[in-house]
Amino acid sequence: MIEVEIIGGAAFPKNCLAKAYANPEANKYTVEFKDGTVIIFPNQPDEREAEAKVTFEGRIDFYGFMDAAIIDTPKGDVYRLLGCSNVMVKADDAKDNDWIQVTDRRLSTGKIQKSHNNNIYLNKDDIYIGPNTQNIEIESGETDINA
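Counting of residues starts from 1 at the beginning of each chain's written sequence and follows it residue by residue. At least 70 in pLDDT is required for a residue's local features to be given in this predicted model, at least 80 for side-chain atom pairs to be given and counted, and no such filter applies to totals for whole chains, interfaces and linings, which use all residues. Here the side-chain values reflect all heavy atoms present in the structure, with hydrogen atoms and water set aside.

## Comments concerning the overall build of the protein
In plain terms, the rule: Helix and strand definitions here come from DSSP, where helices need a minimum of 4 consecutive H or I residues and strands a minimum of 2 consecutive E residues; each element is numbered from the N-terminal end. Burial classes follow relative accessibility: with a 1.4 Å probe on protein chains only, a residue under 20% of its type's maximum area counts as buried, one over 50% as exposed, and anything between as partly exposed. Any two residues whose heavy atoms approach within 4.5 Å are treated as being in contact. To measure how exposed things are, a 1.4 Å probe is used in the Shrake-Rupley method; for residues, cover is taken only from the protein chains shown.
The helix and strand tally for the protein stands at 0 helices and 16 strands. Expressed as a percentage of its 147 residues, the buried residues of the protein come to 44%. In the protein, 41% of the contacts between residues at least 6 apart in sequence involve partners at least 24 apart. Summing over all exposed atoms, the protein offers an accessible surface of approximately 8,000 Å²; the carbon and sulfur share of this is 49%.

This is how it looks when you write it as structure tokens:
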């Protein structure tokens, strides 16, 4: 069983974390994974069932996050956003091959949690898999994060 750490209302696999800290002035949390991926987010409501999971292959699945910013690493990353809302993924800084998938998810209550209003910034070598290409930008250049 993987030991879980709750940070800002979201569950993270403890063995995959490099560091985590709160920024009380901004009411946000920053979590850095051992691979260098960073997620910045406000406190997550319990009903969102927000959590991150890291697969054996190194893919990071983000479940139910809301109002978050995810910053990728300079190497090829694989991220899945499941039931996430208002999440920005910044994957356009490096000349790597990232793979990003956005989909809905089923909550423990049986209700479907829709992914919507996410912004994915990609470079030309990245791959996006999702229900549509709305809110997707390719090779956007410098992306400022107001997190």
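The discussion continues.
## Some thoughts on a nonpolar patch on the surface
For the record, the criterion: Only residues above 30% relative accessible area that lack a salt bridge enter a patch, with like-charged residues linked at up to 9 Å and the nonpolar side chains Val, Leu, Ile, Met, Phe, Trp and Tyr linked at up to 5 Å. When a carboxyl oxygen of Asp or Glu is within 4 Å of a side-chain nitrogen of Lys or Arg, the pair counts as a salt bridge.
On the surface, a nonpolar cluster with roughly 300 Å² of combined accessible area is contributed by Val78, Trp99, Ile127 and Ile129. Among the secondary structure elements, valine 78 is positioned in strand 9 (residues 78-82). Owing to a relative accessible area of 33%, valine 78 belongs among the partly exposed residues under this scheme.

## Focus on the nonpolar core
As a reminder, the rule being used: Note on terminology: a nonpolar core comprises buried Ala, Val, Leu, Ile, Met, Phe, Trp, Tyr and Cys residues joined through side-chain atoms within 4.5 Å.
Core analysis: the largest hydrophobic core is formed by 27 residues, its most contacted members being Phe12, Ile39, Phe62 and Phe65. Put simply, the parts of the chain that give this core at least two residues each are strand 2 (10-13), strand 4 (28-33), strand 5 (38-42), strand 7 (60-63), strand 9, strand 10 (88-91), strand 11 (99-103) and strand 14 (119-122).

## A short note on the pairing of strand 9
Put simply, the rule is: Pairing between strands is defined by DSSP: at least two bridges between the two strands are required.
Where strand 7 lies against strand 9, 4 bridges are found, and the strand directions are parallel. Pairing of tyrosine 63 across the sheet is with leucine 82, part of strand 9.

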